Amino acid sequence: MDEPKPELPPAGAPAAEPSIGELLQQLVDNGRAYADAEIGYYRTLLRSKLRDARSMLWMGAVAMALALAAAVALVMGLVLTLAPLVGPGFATLIVVSLFLAISGLMGWLAWTHVKRIFKEKP
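As a starting point, this report considers the structure included with it.

Conventions adopted
Residues numbered from 1 in each chain as written. Predicted model: local features only at pLDDT ≥ 70, side-chain atom pairs only at ≥ 80, totals over all residues. Heavy atoms only, no water. Axes fitted to C-alpha atoms, helices over the stretch in contact; angles between N-to-C directions. Helix = DSSP H or I, 4+ residues; strand = E, 2+ residues; numbered from the N terminus. Parallel < 35°, antiparallel > 145°, perpendicular 65-115°, else oblique. Left-handed = near helix turned anticlockwise from the far one by under 90°. Contact = heavy atoms within 4.5 Å. Patch = residues over 30% accessible without salt bridge, like charges linked within 9 Å, V, L, I, M, F, W, Y side chains within 5 Å. Areas by Shrake-Rupley, 256 points an atom, 1.4 Å probe, with all protein chains shown as cover. Salt bridge = Lys/Arg side-chain N within 4 Å of Asp/Glu carboxyl O.

Quick word on the packing of helix H1 (residues 20-86) against helix H2 (residues 88-117)
- Between H1 and H2, the shortest axis-to-axis distance is 7 Å and the interhelical angle comes to 140 degrees. By the angle between their directions, the pair H1 and H2 is classed as oblique. Pair H1 / H2 crosses with right-handed handedness. Contact residues: Leu74, Val75, Leu78, Val79, Leu82, Ala83 and Val86 in H1; Pro88, Phe90, Ala91, Thr92, Ile94, Val95 and Phe99 in H2.

Here you go:
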């Protein structure tokens, strides 16, 4: 009950080469596998970047809210500090005028930068 052994080609005989059709099919399969791997890589990279962006957005929002609360506390502190000296009405007027002037200056500076960005040529 010996099984027949497959015959090996003689030592000097050339090995059977795949046909052109088989080579083309292998090329298509390899190209498809490469494209699938690249798509998977970029999909994973995009998910990672979106996760980082989401974290950055909510942390930035919390930071902005806390900075706004600090600014309100500063304004209230200035009003309360000036109130005994000039009265509450004038203290409020002084602090509001000061902050509106600073805000106007910062807005004007920002506008000059916007104009510089969109300027035709230097």
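Description of a nonpolar patch on the surface
- A surface patch of nonpolar side chains, amounting to about 840 Å² of accessible area, comprises Leu74, Leu78, Leu98, Phe99, Ile102, Leu105, Met106, Trp108 and Leu109.
- Of all the secondary structure elements, the ones that give two or more residues to the nonpolar patch are H1 and H2.
- Here the nonpolar patch takes seven residues from H2, the largest share from any one element.
- For Leu74, the location among the structural elements is in helix H1.

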